[in-house]
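Each chain, written out:
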Amino acid sequence: MALINTDALSSRYRAQSIDLINRRLLITNFHNTEQEQDMTEPANCSGFGRIRHFIREKRPGWPSNPLPIDPACKALALPPSEILRAQVFQNASCNWRCWYCFVPFSLLSANRKYSDWLTPEQIINLYLEQTDPPPMIDLSGGQPDLVPEWVPWMMAELRNRGLEQSIYLWSDDNLSNDYFWKFLTDEDRELITSYRNYGRVCCFKGFNSQSFSFNTLAEPEIFERQFTLFGNLLATGIDLYAYITITTPSTEGINDDVRRFIDRLQLLDEYLPLRTVPLEVEIFTPVVARLDDIKRDALKNQWLALDVWQKELENRFSSEDRARNIADVPLKGSRIRI
Ligand code: SF4
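Note that the structure is a prediction, hence the values are computed from the model and not measured.

Conventions and cut-offs
Residues numbered from 1 in each chain as written. Predicted model: local features only at pLDDT ≥ 70, side-chain atom pairs only at ≥ 80, totals over all residues. Heavy atoms only, no water. Pairing = 2+ DSSP bridges. Helix = DSSP H or I, 4+ residues; strand = E, 2+ residues; numbered from the N terminus. Axes fitted to C-alpha atoms, helices over the stretch in contact; angles between N-to-C directions. Near = heavy atom within 4 Å. Nonpolar A, V, L, I, M, F, W, Y, C, P; charged D, E, K, R; others polar. Salt bridge = Lys/Arg side-chain N within 4 Å of Asp/Glu carboxyl O. Buried < 20%, exposed > 50% of the residue type's maximum accessible area, 1.4 Å probe, protein only.

Caption draft 1: Geometry of the sheet that holds strand S8 (residues 198-205). Here 7 strands make up an open sheet; going across it, the order is S3-S4-S6-S7-S8-S9-S10 and the pairing mixed. Each edge of the sheet is formed by a strand with only one pairing partner; in this case those strands are strand S3 (49-55) and strand S10 (276-279). Geometrically, the sheet is characterised by an average inter-axis angle of 30° between neighbouring strands, direction not taken into account.

Caption draft 2: A look at the sheet that holds strand S5 (residues 115-118). Taken in spatial order, the 3 strands make up an open sheet running S1-S2-S5, and their pairing is antiparallel. The two strands at the open ends of the sheet, each matched to only one other strand, are strand S1 (18-19) and S5. Summarising the sheet, strand S2 (residues 24-28) and S5 pair through 4 bridges and their orientation is antiparallel. Paired with threonine 28 across the bridge in S5 is serine 115.

Caption draft 3: Summary view of the site of the ligand. Neighbouring residues of the ligand: Cys94, Trp96, Arg97, Cys98, Cys101, Leu108, Gly142, Asn174 and Lys205. Looking at the shell around the ligand residue by residue, the class counts come to 5 nonpolar, 2 polar and 2 charged.

Caption draft 4: How the structure looks around the pattern of salt bridges. This structure, assessed with the given rule, holds 26 salt bridges. A salt bridge links glutamate 157 to arginine 161; its shortest N-O distance comes to 2.9 Å. The exposure class of glutamate 157 is buried, given its relative accessible area of 16%. We note a salt bridge from glutamate 164 to arginine 159, for which the minimum N-O separation is 2.8 Å. What emerges from the salt-bridge pattern is a single network uniting Asp256, Arg259, Asp263, Glu312 and Arg316.

Here it is, written out as structure tokens:
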């Protein structure tokens, strides 16, 4: 399969996914989509939303996932929890095509058949119209940062309605572009960095350029860009977290490459590996048709990479550090709320 030209596709999808004049965003509608089959509850918000239950525990042997449970509970002063109910909205485009993505590719191409234009006001109206709105809103994708205005527009809307303190806002970022810097105004960035109940998770796709390109279909050189983008966001003081997917087609050099990846994280911040969660790639309905022997091997290889990851973290951090609530792991640039 041909590699994606990340910058060209980002630009094209941005143009198709935001209406700056009318402050509207292209949001996925889940009705009659393949993604509906994997949803545990029917779509809500007239089809534009879905309820997701974030669960801390994963399969035996795989590390638990405290995101976004711990940051949200901390921000909202809720007791620690194993599960968090969240309202998810998805923007309708993504510039990459990860083979393991649980979103059907037909929902990532600004396809008007499965999406429509909504203003932040309309999104919040839909959210509030339900009987028991969850305490957290997740701006997911797709790649929300193709339209970075989505986050400050939602913040402004929540603030205008007096909901800023009672709702936690979370957004995803695939670390593919610099649109946060290119398209937001200083006022937008100031709003984001000063907004208390906000956290952001950035996903590293692979631990070396080969696994990165295999996972995303993006050019291997863009692997390096992820670190620059993350470092720039870190410097803003946003409450930042990271995921990493460690599926790889090859195990050659896996020990050194996983170690080097952790070194790179620590160059950004000594404690960043403790704010980074390895995500187990699982097989959702849209992924089945994308599988082949190499990808099946990659599913096995992620366990080898995990083994190296865990041993390295044991070597580099004390048990006390590793046991810390992820939202309390200090980062130099971060506004830690301890
Ligand atoms: S970057 Fe995220 S939304 Fe885009 S294809 Fe990959 S997993 Fe899916």
